[in-house]
Structures are given as structure tokens and as C-alpha cells.
Amino acid sequence: MNEAIIIKDLTKKYGSLCALDHVSLTLEPNHIYGLLGRNGAGKTTMLNLINNRIFPTEGEILYGNENVTENSSAQNQFFLMSEDTYYPENMRVQEAFLWTSKFHPSFDPEYAKSLADKFQLNIKSRSKNLSTGYRSIFKLIIALSINVPFIFFDEPVLGLDANHRDLFYRLLLEKYSEKPATYVLSTHLIEEVADIIEDLIIIKQGKILACENKEEFLSKAYTVAGESRIVDAYCQDRKCIGTENFGGLKLAYLLGRPAPDTQGLTVSTPDLQKLFIKLTNDDLL
Amino acid sequence: MKKLLQYQLHTTKRSLLIFYSILIVCILIFSGSAAIILNGEVKGSSSFSGIEFATIIFLFVCGLVSFSETFHMFLQNGITRKRMLASLFLYSTILCAITSLIDKLILILGSFMETRIEGLSFTSLFAMVFPDFIQHQNPVFLLLINFLLGFTLYMSFMFFGLFLSIASYRGSRIVRILIAAGLPVFLFVVTPILDTILDGKLYSFLNKVLQIFSGFKSQNPFIGMASFLIISAFWGTLAYVLGRKACKQQ
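Parameters and conventions
Residues numbered from 1 in each chain as written. Chains lettered and ligands numbered in written order. Predicted model: local features only at pLDDT ≥ 70, side-chain atom pairs only at ≥ 80, totals over all residues. Heavy atoms only, no water. Contact = heavy atoms within 4.5 Å. Buried area = accessible area lost by both parts, 1.4 Å probe. Salt bridge = Lys/Arg side-chain N within 4 Å of Asp/Glu carboxyl O. Helix = DSSP H or I, 4+ residues; strand = E, 2+ residues; numbered from the N terminus. Phe/Tyr/Trp six-rings, centres within 6.5 Å; stacked < 30°, edge-to-face > 60°. Buried < 20%, exposed > 50% of the residue type's maximum accessible area, 1.4 Å probe, protein only. Core = buried A, V, L, I, M, F, W, Y, C linked by side-chain atoms within 4.5 Å. Pairing = 2+ DSSP bridges. pLDDT = per-residue confidence, 0-100. 1 Å grid on protein atoms, 1.4 Å probe; cavity = no way out; pocket = protein on both sides within 12 Å on 5 of 7 lines; lining within 4 Å. Points joined across faces, edges and corners; volume = space filled by probe spheres on them. Nonpolar A, V, L, I, M, F, W, Y, C, P; charged D, E, K, R; others polar.

Peer 1: Help me out: how do you make sense of the interface of chain A and chain B in this one?
Peer 2: Size of an interface, as often reported, equals the accessible area lost when the parts are brought together. Counting residues at the interface gives 26 residues for chain A, matched by 24 residues for chain B. For the pair chain A and chain B, the two sides together bury roughly 2400 Å², of which 55% comes from carbon and sulfur. Scanning the region where chain A abuts chain B turns up 2 salt bridges. As a salt-bridge pair, E70(A) and R81(B) come within 2.9 Å of each other at their nearest N and O atoms. Element by element, the count of residues in the side of chain A that touches chain B is highest for helix 3 (residues 93–103) of chain A, at 5 residues.

Peer 1: Help me understand the packing of aromatic side chains in this model?
Peer 2: Any pair of aromatic rings gets described here by the distance separating the centres and the angle formed by the planes. Residues and elements named next belong to chain B. On inspection of all chains with the given rule, the structure shows 33 aromatic pairs over all chains. Seen in terms of ring centroids, F133 and F222 are 6.5 Å apart; in terms of plane orientation they differ by 80°. Their pairing is edge-to-face. Of the two residues, F133 is situated in the loop between helix 5 (125–129) and helix 6 (139–170) and F222 in helix 9 (residues 221–244); the sequence distance between them amounts to 89 residues. For F133, a relative accessible area of 13% corresponds to the buried category. On the basis of relative accessibility, which here comes to 40%, the residue F222 falls in the partly exposed class.

Peer 1: Before we go on, may I ask you to explain the nonpolar core in this structure?
Peer 2: Counting residues in hydrophobic clusters, the biggest one holds 120 residues, and the most contacted among them are F153(A) and F168(A). Ranked by the residues each element gives to this core, the list is headed by helix 6 of chain B, at 16 residues. Sequence-distant contacts of F153(A), that is, excluding residues within four places in its chain, are made with L47(A), M81(A), L140(A), A143(A), L144(A), F168(A), L172(A), Y183(A), V184(A), L185(A) and S186(A). Grouped together as the second largest cluster of nonpolar side chains are 26 residues, L10(A), V23(A), V68(A) and A74(A) included.

Peer 1: What is the right way to read the environment of G206(A) from this model?
Peer 2: With respect to the secondary-structure elements, G206(A) resides in the loop between strand 9 (199–204) and strand 10 (207–213). In this structure, G206(A) is in contact with A19(A), L20(A), D21(A), V23(A) and A41(A), ignoring residues within four places of it in sequence.

Peer 1: Where do I start with the sheet that holds strand 1 (residues 5–14) of chain A in this structure?
Peer 2: Within a beta sheet, neighbouring strands are joined by backbone hydrogen bonds and run either parallel or antiparallel to one another. Residues and elements named next belong to chain A. In space, the 4 strands of this open sheet follow the order 2-1-4-5, with antiparallel pairing throughout. A single partner strand is all that each edge strand has here, and the edge strands are strand 2 (17–27) and strand 5 (66–67). The pairing of strand 1 with strand 2 spans 7 bridges and is classified as antiparallel. Pairing of I5 across the sheet is with L27, part of strand 2.

Peer 1: Would you mind showing me how to read the confidence of the model for chain B here?
Peer 2: As a general rule, the predicted coordinates of low-pLDDT regions are not to be interpreted in detail. All names here are of chain B. Looking at chain B, pLDDT values average 87 and 97% of them are 70 or higher. Within chain B, strand 1 (residues 46–49) has the poorest average pLDDT of any element, 76, and helix 9 the best, 93. Two numbers describe this predicted complex: its pTM, 0.83, and its ipTM, 0.83.

Peer 1: Can you walk me through the layout of surface pockets in this structure?
Peer 2: If a probe as big as a water molecule is rolled over the atoms, it shows which places are left empty. Quantified by volume, the largest pocket comes out at close to 1600 Å³. Contributing elements (two or more residues each) for the lining of the largest pocket: helix 2 (51–65), helix 5, helix 6, helix 7 (173–197), helix 8 (201–213) and helix 9 of chain B. The element contributing the most residues to the lining of the largest pocket is helix 6 of chain B, with 10 residues. Among the residues forming the lining of the largest pocket, the class breakdown is 30 nonpolar, 9 polar and 2 charged. As for the second largest pocket, its lining consists of 25 residues, and the residues nearest its centre are H10(B), T11(B), T12(B), R14(B) and E69(B). Residue assignment for the lining of the second largest pocket shows that the elements contributing at least two residues are helix 3 of chain A together with helix 1 (2–38), helix 2 and helix 3 (68–76) of chain B. Take the lining of the second largest pocket: its biggest share by element is 10 residues, from helix 1 of chain B. Split into classes, the residues belonging to the lining of the second largest pocket amount to 11 nonpolar, 8 polar and 6 charged.

Spelled out as C-alpha cells, the structure:
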């Protein structure tokens, strides 16, 4: 049975900049997480810390009972597809497959080749000759072909066209249903992953704003729409996190449960991206 | 560890082949020309010495370029720094042993050519530095000592390159400039000026130190081996200390 990754009071500072500030959370086995945050929120830092690319300033990350930092047995259970390319520039895709299979016995080279065919990636190409999109494809094929309990994707669809993005999401779900593992998707394309992720982690300025089931998270907020004056009246004494105006109409995002007295207003569940934007706007909280 | 070594040796294989191909082609052209000239009417001699210097430069450069790409590749594959550094040192040691062995084979080939071409001579660095020691010694023993001396000498340079590579990776822009430009300027500009100012006393002092620690003065190659091992351990330790906390640069 797979263990969870437990992050305890994790802090990472770069000089005076605090990239992660006393973060604590648990990544459960066999879930699909969306790791969401604005640029510089600390998403990549968190993934790099889990995957031993950098060292924490304070705190620890446990896999089972073991600290994962500089721990071979724990690191063998994770794989991070980074936004940066860590493969040598002159390395051919097929060579990368070969060496990955040597370092990760769970890597499935045949599956990787079949994915390369689906994405029309020439496996004889050198890493340096690939376009931004194909470089992402090259890395995500490797990540999808490794069968370890935790796979992390940092901006997996960077530079991919809509067809390839769609293909990636379908393959991810297919893989997840066949061989369940924990997939953590760090992305800015929230609308696209909204239907895929089960749980979400929202980071704002190095702090965890939310780490919970997506449906539960969405149920904690709602929108009301209607005439501006009615919406304004309704929002008084309620936690309004943002509004949008459309002529004489107004849409307000509120935290909590809708009150019974919503006459003249349309109440609905906000979509994830809109709620994320409202929650992570700098002028809020 | 085996896979890590396999990867590193694989990445060096091509450069090693190119380096020795060039070296062997140079030797063949040189020897061929000598054979044509010396076997004719022309009287004279031709010598080929110190091929070890080429290997030293090759290994120093190997050390310089061996960290960054390998570090990234290993990080990508979940290898801890402790394991990657251990493999890096082992790889460097193996590479030095291989090159020392190849150099000796080239010298054996050279000795064979000496017997065929009159006036042609191949001299190893070992024979140049230890002329007294090599007299009246068993040839197999000499070959072994020659191999070990080359091996330890190469290690000291490769580990120095490795240290510079890690220091440069981890250092700030100033540190990188100091290593890339400051070090050559210090060695090839500042030191000669200082030596001139000091009426040649600096180089004279360095020469004496080198003669003692290389074993030249006492004609004892074991002193040289011990010195090179200590130097290798020194650079290796520094490289390890720096490498243990290396992070992917932001």
C-alpha cells in the first residue's frame, strides 16, 4: 500500500525572499491534485523541495516515516516533470527513454514509444532541437510512462496546442484509471484541469490558501447575480470576495452558504478559475 | 551505482575516442615522417615525449565539464547528491586509470617503433623525471610504477577540474568570473610579473617545492604518487563539501 507525502511546516527562503512560508499539507495516495497559484506563488519551489532538487530552510517532508530529502528510497517513489529541461541538450529522445529505463525500472519503454507515436514525436530528435511544445511532450511522455506512486507535473502543457493538450488529459485519465497513482498538476490553465482534478492546493505568496477536495472547496463559495442594488444589499455583512458588473447587472462572489432570502437574485456555484482569481487577487485578504 | 557509472562513462566515451584518435594519428604521422627522413640519407634523431601532458589537459577539461549536465540528469532521475558525488569520484578514478593504461600502451607501441626506426625515441614523463630510478629496474615493475604515477597525477588534475566545475556551478557570477578569468590571469600574468619583481625567486621556490613533492629530488616516484594522492583527496574533499548542498540553479 502506498504511503502519503506529509509536508510539515515547510519553509524555503531565497535570501530575503520567502518562497514558501510554514506550509503543511498531506498528499494522499491515488489522487489527482491541482496545484494552483499565481506566478511566484511557490508552486515550483514546493515541487522542487519534494523532489530533492533544492533544500528546505525549515520543516520536513515525510514519505511514510522517512524524510524524503537526500533519501534514495523515497525519491525512487517520485517523479517530477519540470518546466525546465534537465536532460542533456544533445541527448536524443530515444536515449532519454533508454537511460530512464535504467534509472527507473518501472519505466515502460514500449508505452513511451506508443505515446511518442500518438504525439508524433520523433524519438531520434535531440532535446535541443525540439520546439517548446515538443520538449514538453518529450518530458510528459517520460512522466506518463513511469509507474511510481507520485508523479508531479510542473506546467505539463507548456507550449502544447489544443489537440495535444486534450490528448494529454485523456491519456492521464486513462493511465490513472488503469494504474492509479497520485498525480499533481501544477498549472495556470485552471479551466482545462478543473474537470480532471479531484483535490486542489491553492498557494498564495508562499502560504496555503486551500488544500481540500475540489467539490468541497467549491461548495464553500457561491455567486449571486441580479440588479446591482439588490446584489449590493445582499452582500452587506457577507464575505464578498469579488464582483463583476455587466451594465446594470452585477455578479458577486461570496464565501459561505447562500442565505434563504435571495429573492430577485440568481444563485449558482462559481467555476474554479473565477473563484481562484477572486481568491488570489492581491487586493484581497 | 553501476548504472550511474555506466551513464557517466557513456557520456565520455565519444570524447575519449576522439582524443586518442587524434593522439594516435599525430604519433603515426610523426613516426611515419621520421621513418621517411631518418631512413634516408639524413642523419639525425627525432624524439616524442610527454604525451601525458595532453592527457592531463584532456582530463582537466573532463573534470571541468563533468558536473553540470550529469547533476541535472541525475536530479531528474531521483539520484541523491551523496550517490551522484560518490559515482562522480569513482568515474573520475576509473577514467584516470583507463587513460593511464592507454598512455602506457601507446608508450609500449612507441618503444616497438623505436626498434624499427633508427633515431626515433619515445620518452614518457616518468622516464624524464626519474632517470636515476628507472636504471636497473625490472621493466614490468617500471611499467606498473609508470602506470600508478600517471594515474595519481591525472587524478589530481581531474579532481581539480571537478572542484572548479562544482565551485563555478554553485558560485555567484563573481565566483564564476574569478574561476574563468581570474585563475588563468593569476597563473599566466600575475605570477610571472611577481616572479620578475622578486628576481626569479618565486619560480625558483616553486621549482624546489615541485622537485621535492614530485619525488624528483630524491628520485623516488612513490613520493610523487603520495603527493598526487593527497592533492586529489584535497580537491575531492572540497568538491564533495560543495556538491553535497548543490541545488538546481534558479
